[in-house]
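As a plain string of letters, each chain reads:
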Amino acid sequence: MHHHKLENELKHLEMVLPHVGRGPFPTSYWQDRIAALPQVDTNRTYRSRVQRLKDILSRIETTTHTRPTSASTASRVNCMPARSCY
């Protein structure tokens, strides 16, 4: 993956992941997105950013699995884009 593409992907994931618990995508989707990032062994900054993303996702998974899902949350996850989710 080209350096600029990797940087853009990291920025996107860093912006989106803190809000994953409220979105329609399962955490497995985000795990796959993180796993698809190339291993940049020579760049400590990228490695630490990827690790931070993994840590955020792990905390989200822990929180989601321990918190009961309400009916309103389930309906928001499955709403159609043209319909109001609230």
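The rules behind these values
Residues numbered from 1 in each chain as written. Predicted model: local features only at pLDDT ≥ 70, side-chain atom pairs only at ≥ 80, totals over all residues. Heavy atoms only, no water. Salt bridge = Lys/Arg side-chain N within 4 Å of Asp/Glu carboxyl O. Helix = DSSP H or I, 4+ residues; strand = E, 2+ residues; numbered from the N terminus. Buried < 20%, exposed > 50% of the residue type's maximum accessible area, 1.4 Å probe, protein only.

**Thoughts on the pattern of salt bridges**
Throughout the structure, instances matching the rule amount to 4 salt bridges. Its salt-bridge partner being Arg49, residue Glu7 comes within 2.9 Å of it at the nearest N-O pair. Highlighted residues: Glu7 in helix α1 (residues 3–16) and Arg49 in helix α3 (residues 44–66), separated in sequence by 42 residues. On the accessibility criterion, Arg49 (10% relative accessible area) is buried. Arg52 serves as the salt-bridge partner of Glu14, at 4.0 Å between the closest nitrogen and oxygen. With Glu14 in helix α1 and Arg52 in helix α3, the pair connects residues that are 38 residues apart, well separated along the chain. Look at Glu14 and you get partly exposed, because its relative accessible area is 27%.

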